[in-house]
Amino acid sequence: MSTDLQWLLIRKYNSFLVKKVPEGPIFSKEPGNLLNLHSHKYSGLANSKTIDIQSSESGLQITTQKSKASPHAVRPARSTANVRNRSGGRRSLGVVASIARRGYRPDLRAAALGRSSALLAAQKEKKASPPKKVRGKKAAASIA
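Being a predicted model, the structure only gives us computed values, none of them experimental.

**Q** Describe the pairing of strand 3 (residues 51-55), and please don't skip the residues or the numbers.
**A** Strand direction decides the pairing type here: strand 3 and strand 4 (residues 59-65), joined by five bridges, are antiparallel. Following the sheet pairing, aspartate 52 is matched in strand 4 by threonine 63. Between the end of strand 3 and the start of strand 4, which pair antiparallel, lie three residues.

Here you go:
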């Protein structure tokens, strides 16, 4: 079945749609949708080539669907790459960019980089805020 026909069948009704505002944007929670927007370009269900980036305990997990896999397989063939947390942001962004760039889905490169950098920022531990310094009359009173 072609991807266009799949999109026509699932675009109005599927279990991943999120309609919060009646006249606002329609979002989607489907796996493989990098921007979570309900559109054919970013759909993880209607496209034969998808890039899915998820956070895991060890770092980022980048999953791509193999396009040459048999359609009669029980599960679709997937390729998974893991990037550890301690590898750093530049390395993980380079891995994501190289996967998207090498002819797989170059149109999703910017979205994949944005998703991975957002996940990396969310995984970072927050620094403790420094104690507040007393200023003005209170500082002078505490010294004396």
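Text resumes after the structure shown.
**Q** Lay out the side chain of serine 116 in plain terms, naming residues and giving numbers.
**A** Mapping serine 116 onto the fold places it in helix 3 (residues 109-123). Aside from chain neighbours lying at most four places away, what touches serine 116 is Ile53, Leu60, Leu93 and Val96.

**Q** A description of helix 3 should follow, citing residues and the corresponding values.
**A** With 15 residues, helix 3 extends 21 Å between its outermost C-alpha atoms, agreeing within 8% with the 21 Å of an ideal straight helix rising 1.5 Å per residue. Buried within helix 3 we find Ala111, Ala112, Ser116, Leu119 and Leu120. End-on, the buried residues of helix 3 take up no more than an arc of 165°, which puts them together on one face. Opposite the packed face of helix 3, turned more than 90 degrees from it, sit the exposed residues Ala110 and Ala122. Contacts made by the buried residues of helix 3 are with strand 3, strand 4 and helix 2 (89-101).

**Q** Give me the packing of helix 2 against helix 3: which residues, what numbers.
**A** Following both chains from N to C, one finds helix 2 and helix 3 inclined at 155°, their axes separated by 9 Å at the closest point. It follows that helix 2 is roughly antiparallel to helix 3 by the angle criterion. Considering only the axes of helix 2 and helix 3, their crossing is right-handed. Between helix 2, through Gly89, Ser92, Leu93, Val96, Ala97, Ala100 and Arg101, and helix 3, the contact on the second element is made entirely by Arg109, Ala112, Leu113, Ser116, Ser117 and Leu120. Of the residues in the contact of helix 2 with helix 3, the class split is seven nonpolar, four polar and two charged.

Cut-offs applied
Residues numbered from 1 in each chain as written. Predicted model: local features only at pLDDT ≥ 70, side-chain atom pairs only at ≥ 80, totals over all residues. Heavy atoms only, no water. Pairing = 2+ DSSP bridges. Helix = DSSP H or I, 4+ residues; strand = E, 2+ residues; numbered from the N terminus. Contact = heavy atoms within 4.5 Å. Expected span 1.5 Å × (residues − 1). Buried < 20%, exposed > 50% of the residue type's maximum accessible area, 1.4 Å probe, protein only. Arc of directions from axis to C-beta. Axes fitted to C-alpha atoms, helices over the stretch in contact; angles between N-to-C directions. Parallel < 35°, antiparallel > 145°, perpendicular 65-115°, else oblique. Left-handed = near helix turned anticlockwise from the far one by under 90°. Nonpolar A, V, L, I, M, F, W, Y, C, P; charged D, E, K, R; others polar.

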